[in-house]
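Listed here are the chains, written in short residue letters.
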Amino acid sequence: MEERRQDKRSAVSIPCTVYWHDHVIRGQIANLSLGGAFIIRLSAIPPEDASVILSFQAEKGEIELKGKLTSRVIHTVTESIEKGEIGSIGVEFQEPPEDVRSQLSPVFRALGAGPSNR
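Residues numbered from 1 in each chain as written. Predicted model: local features only at pLDDT ≥ 70, side-chain atom pairs only at ≥ 80, totals over all residues. Heavy atoms only, no water.

### Some details on the overall build of the chain
1) Next: When helices and strands are counted, the chain shows 1 helix and 6 strands.
2) Next: Going from N to C terminus, the chain has its helices and strands arranged as β-β-β-β-β-β-α.
3) Next: Scored against the burial criterion, the 118 residues of the chain give a buried share of 39%.
4) Next: When the accessible surface of the chain is summed, it comes to about 7200 Å², and 47% of that surface belongs to carbon and sulfur atoms. (Helix = DSSP H or I, 4+ residues; strand = E, 2+ residues; numbered from the N terminus. Buried < 20%, exposed > 50% of the residue type's maximum accessible area, 1.4 Å probe, protein only. Areas by Shrake-Rupley, 256 points an atom, 1.4 Å probe, with all protein chains shown as cover.)

### Things to note about the confidence of the model for the chain
1) Next: The predicted model of the chain has a mean per-residue pLDDT of 77, with 73% of residues at 70 or higher.
2) Next: Summarising per-element confidence for the chain, the mean pLDDT is lowest in strand β5 (residues 63-82) (62) and highest in strand β2 (residues 23-32) (92).
3) Next: Throughout residues 61-66 the model reports pLDDT below 50, and contacts reaching past four residues in sequence, or to other chains, amount to 13 contacts. (pLDDT = per-residue confidence, 0-100. Contact = heavy atoms within 4.5 Å.)

### Quick word on the pairing of β2
1) Next: Note: strand β1 (residues 10-20) against β2, 9 bridges, orientation antiparallel. What sits directly across from Pro15, in β2, is Gln28.
2) Next: Following β1, the chain reverses through 2 residues before pairing antiparallel with β2; His21 in that reversal takes a positive phi of roughly 50°.
3) Next: Here β2 runs beside strand β3 (residues 36-42); their pairing, made up of 4 bridges, is antiparallel. The residue bridging Gln28 from the neighbouring strand is Ile40, located in β3.
4) Next: Between the antiparallel neighbours β2 and β3 lie 3 residues. (Pairing = 2+ DSSP bridges.)

### With respect to unusual backbone geometry
1) Next: The phi torsion at Arg41 lies on the positive side, around 55°, for a residue other than glycine.
2) Next: Tracing the chain through its elements places Arg41 in strand β3.
3) Next: The exposure class of Arg41 is partly exposed, given its relative accessible area of 44%.
4) Next: At Asp49, a position not held by glycine, the phi torsion is positive, near 70°.
5) Next: Along the chain, Asp49 falls in the loop between β3 and β4 (51-60).

### Looking at helix α1 (residues 97-111)
1) Next: With 15 residues, α1 should reach 21 Å at 1.5 Å per residue; the first-to-last C-alpha distance of 20 Å fits that figure.
2) Next: Of the positions making up α1, those classed as buried are Val100, Leu104, Ser105, Val107, Phe108 and Ala110. (Expected span 1.5 Å × (residues − 1).)

### Some details on the nonpolar core
1) Next: Among the nonpolar cores identified, the biggest contains 24 residues, and Ile29, Leu32, Ile39, Leu54, Phe56 and Leu104 are the most heavily contacted of them.
2) Next: Looking at this core element by element, the count peaks at 5 residues for β1. (Core = buried A, V, L, I, M, F, W, Y, C linked by side-chain atoms within 4.5 Å.)

Structure (structure tokens):
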């Protein structure tokens, strides 16, 4: 299988909220890159190719960072329903790369995971 990722992923554990139309869906970011995020433990899943907003906060010590990125669902994984968790999604960020980098660079610095391409 050909690797399609263009950006290095960092394993994280960040609670997040996915906004899709009138839905507010709680989840957890499992990995994050400048190109997108893999979100797990969702209570609902938007359909594939849906436009969503991803909102999250990251803390390390006294650092508190907020990010909000307009995104597009690129794949979904439906899991067995345990503890109200329905599945996971992969999200590709849609903003210009320089906008994504300016929002996420402080997050990667706070997490001690530098975002390098490839």
